[in-house]
Amino acid sequence: MALRGLDSTHAIDVASLPVESDALRKIPQALALRYDILSVSSDGNQLTVIVPDPDESVTLEKIRFSTGMHVRALGAPREAIRARLNSIYDQPVRLRNSGVVLSESPAVTLANDIMRDAVRRNASDVHIEPCASGGRVRQRIDGILHCSKAIEEEVYAQVVSRLKLLAGMDIADKRQPQDGRYNIEIAGRSFDARVSSVPTIAGEKLAIRLLADHASSPQLDQLNIPAKHYDDFKRVCAGPHGFIVAAGPTGSGKTTTLYAALGQRDATSENLCSVEDPIEVRMPGVAQVQVNVRAGLTFASALRAFLRQDPNVIMVGEMRDHETAAVAASASLSGQLVLTTLHSNDAPGAIERLKELGVKRRTLAVGLTAVVAQRLVRALCKRCRKARSIAKDGAREFRITEGATVFTSVGCGDCAGTGYAGRLALFEILFVDDVIREAISSDAPRLSLSTISKQRGFEPMLQHGLQRVMAGETTLEELRRVLTIGYA
Ligand SMILES: [Zn+2]
């Protein structure tokens, strides 16, 4: 808009010209730097660019070809355009012989190194945050944040700008929280990087989630579901209708469980749909919808749309509002299998949570088939773990026999000194039978539902956790970290 007054008869002050980041992204960086093209604004299908020679047709044709847009070209001195491009892309350009050689600035190199290192170490998230000495980088590996790098004060803001630019965010705006995404290819693997920025009192903080494009759908038999529950769980996942809830905090592997359940279904003979935010795994044969609140596509609206399309199985990525919960629960009564996740600490608590969300007791009692609650704990590194016998305090805390053999983490080269390698899931599964159904519809208080469940064979997650500790797969420290230990 600021360019409306611009025309070829006025000299353009390239250095202070407002540049729309949307317009900037329309032209690949390499093309812009090769031909000195500063893309400044777009309006509908018209792109306004500043170039050294607005009558030179080769450059304009390249822009048209690359963007598919009509091009409005204005002229300005090459040096001025190049200086502005360098400040935007943060890349000094050197001309050598006929071609252009790009040498990356320290900030660009650092930003690349940060992302490459995160991928190499299998981090799920990268945090880039300001601190007293400049900035620091932390990586979330197996659910735990580790410091990986310090960033010098002089380049911190540039590193942040570089990543924001890649993710299509407005680099000029440092006061509003923003989010964006970009695709990143490292060592032949492709990732979706979801970047969010938050303005803190010390500067901008970025959090980047890495989702692998190649993530394959998980298999039910690889989830580490307790053997005594496996067949029953497989049976309810194969059922013609019902309502299966996976409960747990963020990052507890709930969605993985639902993907595995969905993966059991026959994508040829059945209509399988899911609405998610974000889509973490592409499931072949499943109609997956990404929530887009700005476009009015919510969990509830996508769910309603799916119900008009004769579904067999519907996966609802998360249930957090009354409307979604009510529609999903009633769908389970009309011949569909509904799979969903819920934030709740344990399986009996999930039933209470569904009631709080306004699902009618009777609907729940009839529709609900099973609730799975789960957590992820770190798996002990098998190379360096060390056996020890449990002391009195630990034995009392966990109600296990004093002197029993458990394993403790040590740390070696294989596990980067952490003592752990990978993660495993702990489960508790509440299967709704006639007795529990009656307890739900009579609105029994929480304690009695939990007590009744135990009488019906329900085992709290701690039991599964202790089995894994005794098998040397994880530690009591990990159980303490993810579970609230304490017996009523
Ligand atoms: Zn180790």
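Per chain, the residues get numbers from 1 upward, laid out in the order the sequence is written. Under the rules for a predicted model, residues below a pLDDT of 70 receive no local features and side-chain atom pairs below 80 are neither given nor counted, while totals for whole chains, interfaces and linings still include all residues. Calculated side-chain values reflect all of the structure's heavy atoms, with hydrogen atoms and water omitted.

### Thoughts on the coordination of the zinc ion
Phase 1 of the analysis: Distances decide who is a donor: an N, O or S atom must be within 2.8 Å of the metal, or within 3.2 Å for Na, K and Ca. Water is not included, so sites may look incomplete. Donor atoms from the polypeptide that bind the zinc ion are Cys-381 (SG), Cys-384 (SG), Cys-412 (SG) and Cys-415 (SG), placed at 2.3 Å.
Phase 2 of the analysis: The rule is simple: four donors are tetrahedral if all their angles sit between 85 and 135 degrees, four are square planar and six octahedral if opposite donors span more than 155 degrees and the others lie between 65 and 115, and anything that fits none of that is irregular. Here the zinc ion binds four donor atoms, and the angle range of 105 to 113° at the metal identifies the geometry as tetrahedral.
Phase 3 of the analysis: Going along the chain, you hit the donors of the zinc ion in the pattern C-x2-C-x27-C-x2-C. Here Cys-412 lies in the loop between strand 19 (405-408) and strand 20 (420-431) and Cys-384 lies in the loop between strand 17 (368-380) and strand 18 (386-389), a separation of 28 residues in the sequence. In this pair, the class of Cys-384 matches that of Cys-412, namely buried. Helix and strand assignments come from DSSP, with helices taken as H or I runs of at least 4 residues and strands as E runs of at least 2, each series counted from the N terminus. A simple rule labels every residue: compare its accessible area, found with a 1.4 Å probe on the protein chains alone, to the largest value its type can have, and call it buried under 20%, exposed over 50%, or partly exposed in between.

### Some details on the sheet that holds strand 13 (residues 272-276)
Phase 1 of the analysis: Any two strands with at least two DSSP-identified bridges between them are counted as paired. Taking strand neighbours across the sheet as the criterion, the seven strands line up as 14-13-15-16-12-17-20 in an open arrangement whose pairing is mixed. Both outer strands of the open sheet, strand 14 (286-290) and strand 20, are each paired with one neighbouring strand and no more. The average undirected angle you get between the axes of adjacent strands in this sheet is 15°.
Phase 2 of the analysis: Judged from the four bridges that link them, strand 13 and strand 15 (residues 313-316) form a sheet pairing that is parallel. Residue pairing for strand 15: Ser-274 is matched across the bridge by Met-315. Axis lines are fitted through C-alpha atoms, for helices just across the contact stretch, and the angle between N-to-C directions can take any value from 0 to 180 degrees.

### A word on the sheet that holds strand 2 (residues 46-51)
To summarise the sheet geometry, strands pair through backbone hydrogen bonds and adopt either a parallel or an antiparallel arrangement.
Phase 1 of the analysis: Strand order across the open sheet formed by three strands is 1-2-3, with mixed pairing between neighbours. Only two strands of the sheet have a single partner each, and these edge strands are strand 1 (38-43) and strand 3 (70-75). The average angle at which neighbouring strand axes cross in this sheet is 25°, direction not considered.
Phase 2 of the analysis: Pairing analysis gives six bridges linking strand 2 to strand 3, with the strands arranged parallel. Bridging across to strand 3, Val-49 finds its partner in Ala-73.
Phase 3 of the analysis: Should any heavy atoms of two residues lie within 4.5 Å, those residues are considered in contact. Relative to the sheet, helix 3 (residues 57-67) contacts strand 2 and strand 3, its axis offset from that of strand 2 by approximately 145°.

### Comments concerning the packing of helix 9 (residues 299-307) against helix 10 (residues 322-331)
Phase 1 of the analysis: Running from N to C, helix 9 and helix 10 point in directions that differ by 25°, and their axes come no closer than 8 Å. On the basis of their axis angle, the class for helix 9 and helix 10 is roughly parallel. The two elements helix 9 and helix 10 cross, and the hand of that crossing is left-handed. Packed against helix 9, whose contacting residues are Phe-299, Ala-300, Leu-303, Arg-304 and Leu-307, the element helix 10 presents Glu-323, Thr-324, Val-327, Ala-328 and Ala-331 at the interface.
Phase 2 of the analysis: Residues are sorted three ways: Asp, Glu, Lys and Arg are charged, Ala, Val, Leu, Ile, Met, Phe, Trp, Tyr, Cys and Pro are nonpolar, and all the rest, Gly among them, are polar. Broken down by class, the residue content of the contact of helix 9 with helix 10 amounts to seven nonpolar, one polar and two charged. Here roughly perpendicular refers to angles of 65 to 115 degrees, roughly parallel to angles under 35, roughly antiparallel to angles over 145, and oblique to all remaining angles. Two helices that cross are described as forming a left-handed crossing if the nearer one is turned anticlockwise from the farther one by less than a right angle, and a right-handed crossing if clockwise.

### Notes on the confidence of the model for the protein
Phase 1 of the analysis: The share of residues in the protein with pLDDT of 70 or more is 93%, and the mean pLDDT across the chain is 89.
Phase 2 of the analysis: Element-level mean pLDDT values for the protein span from 38 in strand 4 (residues 93-96) up to 97 in strand 15.
Phase 3 of the analysis: By definition, pLDDT measures how confident the predictor is in each residue, and it falls between 0 and 100. Predicted confidence is poor over residues 91-102, with pLDDT under 50, and the contacts of this stretch with residues over four places away or in other chains come to 24 contacts.

### Re the domain arrangement of the protein
Phase 1 of the analysis: Once the domains are mapped, the protein shows domain 1 (14-89), domain 2 (106-212) and domain 3 (220-482).
Phase 2 of the analysis: The centre of domain 1, based on its C-alpha atoms, is set 27 Å off from the matching centre of domain 2.
Phase 3 of the analysis: Contacts between the two partners involve six residues from domain 1 and, on the opposite side, six residues from domain 2.
Phase 4 of the analysis: Note on domain 1 versus domain 2: buried area summed over both sides is about 440 Å², and carbon and sulfur give 56% of it.
Phase 5 of the analysis: On the domain 1 side of the interface with domain 2, the three residues burying the most area are Ser-21, Arg-25 and Tyr-89, jointly 67% of the side's total.
Phase 6 of the analysis: The working definition used for a salt bridge is a side-chain nitrogen of Lys or Arg within 4 Å of a carboxyl oxygen of Asp or Glu. Inspection of the region where domain 1 meets domain 2 yields zero salt bridges.
Phase 7 of the analysis: N or O atoms within 3.5 Å of each other form a polar contact, as long as, within protein, one can give a hydrogen and the other can take it, and as long as residues adjacent in sequence are counted only when both atoms are side-chain atoms. At the surface where domain 1 touches domain 2, the tally comes to two residue pairs in polar contact (both at pLDDT 80 or more).
Phase 8 of the analysis: Element by element, the count of residues in the side of domain 1 that touches domain 2 is highest for helix 1 (residues 21-26), at three residues. The start and end points of each domain follow an automatic or database-based domain assignment. When two parts are brought into contact, each loses some accessible area as probed by a 1.4 Å sphere; the total of that loss over both is the buried area.

### A few points about helix 8 (residues 254-263)
At 3.6 residues per turn, the α-helix brings residues three or four places apart onto the same side.
Phase 1 of the analysis: Along helix 8, eight of the ten residues are buried, which leaves the element largely enclosed by surrounding structure.
Phase 2 of the analysis: For helix 8, the set of buried residues is Lys-254, Thr-255, Thr-257, Leu-258, Tyr-259, Ala-260, Ala-261 and Leu-262.

### Quick look at the environment of Leu-258
Phase 1 of the analysis: Inspection of the secondary structure assignment puts Leu-258 in helix 8.
Phase 2 of the analysis: Judged by relative accessible area, which is 2%, Leu-258 ranks as buried.
Phase 3 of the analysis: Discounting chain neighbours no more than four positions away, the residues touching Leu-258 are Ala-246, Met-315, Leu-339, Thr-340 and Thr-341.

### Focus on the environment of Phe-427
Phase 1 of the analysis: Among the secondary structure elements, Phe-427 is positioned in strand 20.
Phase 2 of the analysis: Accessibility expressed as a relative area gives 2% for Phe-427, which makes it buried.
Phase 3 of the analysis: A C-alpha to C-alpha distance of 4.5 Å links Phe-427 and Gln-374, two positions 53 residues apart in sequence.
Phase 4 of the analysis: Setting aside residues up to four positions removed in sequence, Phe-427 forms contacts with Leu-223, Asn-224, Ile-225, Pro-226, Thr-257, Val-372, Ala-373, Gln-374, Met-461 and His-464.

### Section: the nonpolar core
A general trend in soluble globular proteins is that nonpolar side chains are found buried together.
Phase 1 of the analysis: Throughout this description, the term nonpolar core refers to a set of buried Ala, Val, Leu, Ile, Met, Phe, Trp, Tyr and Cys residues connected via side-chain atoms within 4.5 Å. With 57 residues, the main nonpolar core has Phe-243, Met-319, Leu-354, Leu-368, Val-371, Ile-440 and Leu-479 as its most contacted residues.
Phase 2 of the analysis: Listed in part, the 30 residues of the second largest apolar core include Leu-220, Val-281, Leu-337 and Phe-427.

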